[in-house]
Amino acid sequence: MREEIISLLKKSCPAPLSGEVIAQHLGISRTAVWKNIHALQEKGYIITGSPRRGYLLQKIPDLLYPGELSEKLHTKVIAPGSSFIHHYHRVGSTNNVLKEMAEKGAPEGTVVVAELQETGRGRMGRNWSSPEGKGIYLSLLLRPPVSPQHTSPLTLLAAVAACCGISSVSSRFSPGIKWPNDLLIGGRKVCGILCEIKAEIDLVHYFVAGIGINVNMGPEDFPPELRQTATSLLLENEGAAVSRLGVAAGVLQHFDELYANYLEKGTDAVLPRWLEHNITLGRSVRIQGPGFSFAGTARELDDNGALVVESESGERKSFTAGEVIMK
Ligand code: BTN
């Protein structure tokens with residue numbers, strides 16, 4: 001009902017719409033219209049009302065409400081309708097919420113977004129700083145009909161989708177991808193991706209891609225230990241706020257298109273796109289993870305998206321996981 005009222009007010013803009021017209025249109029009483037308008041105001045919509053002219057929508061809040069996000073999408077698999085998008089003000093981790101939904105049979109394309117994560121999770125067991133209303137904390141559910149060993153391109157695909165989504169809101173933003181899926185602007189991290197999978201040896205039950213983007217954080221919104229290494233779109237935009245709705249919709253739209261190509265053509269559809277945004281290959285790197293550390297030059301990605309690093313002595317090793325430190 002509220003989504004319908006918002007939609008009527010948007011269509012009428014910049015002219016106000018009387019409570020009576022809305023009531024007739026939706027088959028409800030004028031009191032019910034008033035109550036819903038009040039609820040929408042509570043949700044952050046700025047709607048002014050005058051007894052003679054009616055209601056006027058002045059401003060849409062930059063919150064990741066399903067109706068607002070969905071209106072910007074033309075997707076086939078990822079959130080093909082607003083009912084696929086689940087919005088929360090506060091969660092522990094959107095990945096955890098979505099994994100629970102996946103266990104209960106949520107369909108492919110389900111999306112969870114939150115305004116605040118209390119225990120946002122990063123790769124390698126790290127935390128993901130998730131202050132309220134400043135970033136995008138988004139997880140999406142895939143059920144790809146491939147064997148688990150063919151899902152590694154999806155982590156690269158998620159990075160390309162995030163990169164394209166961010167670039168789509170302004171030509172000022174041109175992030176690069178540090179293998180496998182960190183997005184950096186000017187050497188500082190603006191987006192991180194945590195992919196989680198539940199699978200049997202030859203069957204994927206579900207794949208969750210969790211995307212965190214620093215959108216409107218000022219320096220004070222980052223914990224002190226991240227201030228030198230993290231950035232946000234606001235900081236890269238001379239302090240001007242950036243539409244979280246626009247960025248989130250851009251990421252979902254690009255994800256949908258890339259995923260359709262991946263399902264049709266496999267890894268071949270992903271790697272060239274990743275390479276367009278790559279800032280890792282050709283660089284001197286150290287790659288490390290639990291129990292290993294290897295230094296050399298990042299040479300190439302193999303057919304599965306593993307990173308091939310060549311040491312000074314010419315020894316070449318492929319890595320399917322790990323943290324890359326660029327020198
Ligand atoms: C990293 O670079 O370490 C990955 C960060 C991933 C953060 C996102 S925010 C949405 C989703 N929910 C989580 O708890 N983590 C991911």
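Residues numbered from 1 in each chain as written. Predicted model: local features only at pLDDT ≥ 70, side-chain atom pairs only at ≥ 80, totals over all residues. Heavy atoms only, no water.

## A look at the overall build of the protein
Note the cut-off: A run of DSSP states H or I qualifies as a helix once it reaches four residues; a run of E qualifies as a strand once it reaches two. Both are numbered from the N-terminal end. For this measure, only C-alpha atoms enter the radius of gyration; the expected value for a globule follows 2.2 Å times N^0.38, where N is the number of residues. Only protein chains enter the accessibility calculation, which uses a 1.4 Å probe. A residue is then buried if its area is under 20% of the maximum for its type, exposed if over 50%, and partly exposed in between. We call two residues contacting when some pair of their heavy atoms lies within 4.5 Å.
Counting its secondary structure elements, the protein contains 8 helices and 14 strands. Radius of gyration (C-alpha) of the protein: 22 Å, near the 20 Å computed for a compact globule of 327 residues. Taking all 327 residues of the protein together, the buried fraction comes to 53%. Counting only contacts in the protein whose residues sit at least 6 apart along the sequence, the fraction spanning at least 24 positions is 62%.

## A look at the pattern of salt bridges
Selection rule: Within this document, salt bridges are pairs made up of a side-chain nitrogen of Lys or Arg and a carboxyl oxygen of Asp or Glu, the two lying within 4 Å of each other.
Under the counting rule described, the total for this entry stands at 19 salt bridges. We note a salt bridge from Asp221 to Lys134, for which the minimum N-O separation is 3.4 Å. Placement of the pair is Asp221 in the loop between strand S9 (203-214) and helix H7 (244-265) and Lys134 in the loop between strand S4 (111-117) and strand S5 (135-142), with a sequence separation of 87 residues. We classify Lys134 as partly exposed; its relative accessible area is 27%. Linking Arg273 and Glu276 is a salt bridge whose minimum nitrogen-to-oxygen distance equals 3.8 Å. Remark: Glu276 and Arg273 occur in helix H8 (residues 271-277); sequence separation between them is 3 residues, near one turn of the helix.

## A look at the domain arrangement of the protein
Operational definition: What fixes the domain bounds is an automatic or database domain assignment. Simply put, the buried area is the total loss of 1.4 Å probe accessible area from both parts when two parts are fitted together.
Annotation of the protein at the domain level lists domain 1 (2-59), domain 2 (66-277) and domain 3 (284-326). Computed over C-alpha atoms only, the centres of domain 1 and domain 2 are separated by 33 Å. Taken together, the contacts link 4 residues of domain 1 with 4 residues of domain 2. Among the residues domain 1 hides against domain 2, the three largest losses belong to Glu3, Lys10 and Tyr45. Together they make up 96% of the total. The tally of links between domain 1 and domain 2 comes to 2 salt bridges. For Glu68, the salt bridge goes to Lys10, with nearest N and O atoms at 2.7 Å.

## A closer look at H7
This is how the line gets drawn: How far a helix is expected to stretch is found by multiplying one less than its residue total by 1.5 Å. As used in this structure description, the phrase polar contact means that two N or O atoms lie within 3.5 Å; if the pair is within protein, one of them must be able to donate a hydrogen and the other to accept it, and residues adjacent in sequence are counted only when both atoms belong to side chains.
With 22 residues, H7 extends 31 Å from end C-alpha to end C-alpha; this agrees with the ideal 32 Å at 1.5 Å per step. Residue Ser243 occupies the N-cap position of H7, its side-chain oxygen lying 3.4 Å from the main-chain nitrogen of Leu245. Positioned one or two residues after H7, Gly266 has a phi angle of 75°, which is positive.

## A few points about the sheet that holds strand S6 (residues 176-178)
The cut-off we apply is this: For two strands to be treated as a pair, DSSP must find at least two bridges joining them. Angles here are taken between N-to-C directions and fall from 0 to 180 degrees, while the axes themselves are lines fitted to C-alpha atoms, restricted in helices to the stretch in contact.
The strand order S3-S4-S5-S9-S8-S7-S6 describes an open sheet built from 7 strands, whose pairing is mixed. Pairing within the sheet leaves two strands with one partner each, and these edge strands are strand S3 (85-91) and S6. Direction aside, neighbouring strands of the sheet carry axes that sit 20° apart on average.

## A few points about the site of the ligand
Counted only if it meets this: Nearness of a residue to a molecule or strand requires only that one of the residue's heavy atoms be within 4 Å of it. Calculation of accessible area relied on Shrake-Rupley with a 1.4 Å probe; when residues are assessed, cover is drawn exclusively from the protein chains displayed. Note that Gly is not counted as nonpolar here; it falls among the polar residues with everything else outside the nonpolar set of Ala, Val, Leu, Ile, Met, Phe, Trp, Tyr, Cys and Pro and the charged set of Asp, Glu, Lys and Arg.
Around the ligand lies a shell of 20 residues, among which Ser93, Gln117, Arg121, Arg123 and Lys189 are the nearest. Contact distances for the ligand include 3.0 Å between a nitrogen atom and a side-chain N or O atom of Thr94. Protein chains shield 99% of the accessible area of the ligand, which is 410 Å² for the free molecule. Broken down by secondary-structure element, the contributors of at least two residues to the shell around the ligand are helix H5 (94-103), S5, strand S8 (188-200) and S9. Its residues assigned to classes, the shell around the ligand comprises 6 nonpolar, 10 polar and 4 charged.

## Observations regarding the nonpolar core
We apply this condition: By nonpolar core we mean a set of buried residues, namely Ala, Val, Leu, Ile, Met, Phe, Trp, Tyr and Cys, connected to one another through side-chain atoms within 4.5 Å.
Ile213, Leu233 and Phe255 are the most contacted members of the largest nonpolar core, which has 62 residues in total. Looking at this core, the element that brings in the most residues is helix H6 (residues 152-169), giving 11 residues. Summarising the domain contributions, this core has at least three residues from each of domain 2 (66-277) and domain 3 (284-326). Leaving out residues up to four positions away in the same chain, Phe255 has contacts with Ile78, Leu140, Leu142, Leu157, Ala158, Ala161, Ala209 and Ile211.

## Remarks on the packing of aromatic side chains
Here is the rule we go by: Ring pairs shown here join Phe, Tyr and Trp side chains whose ring centres sit within 6.5 Å, with only the six-membered ring taken for Trp; geometry is labelled stacked below 30 degrees between planes, edge-to-face above 60, and tilted in between. Two conditions define a charge sitting above a ring: the NZ of Lys or the CZ of Arg must be within 6 Å of the ring centre, and it must be within 35 degrees of the ring normal.
Overall, the coordinates contain 4 aromatic pairs when judged by the stated rule. By the ring-pair criterion, three or more aromatic residues cluster together here, those being Phe292, Phe294 and Phe319. Here the basic side chain of Lys43 rests over the ring of Tyr65, its NZ or CZ set 4.2 Å away from the ring centre.

## Remarks on unusual backbone geometry
Backbone torsion omega between Cys13 and Pro14 reads 5°, so that peptide bond is classified as cis. Checked against the element boundaries, Pro14 lands in the loop between helix H1 (2-12) and helix H2 (19-26). For the bond running from Trp179 to Pro180, omega is -5°, close enough to zero to count as cis. Among the secondary structure elements, Pro180 is positioned in the loop between S6 and strand S7 (182-185). Here Glu238, not a glycine, exhibits a phi torsion of approximately 55°, which is positive. Inspection of the secondary structure assignment puts Glu238 in the loop between S9 and H7. Residue Glu238 is classed as exposed on the basis of its relative accessible area, which comes to 69%.

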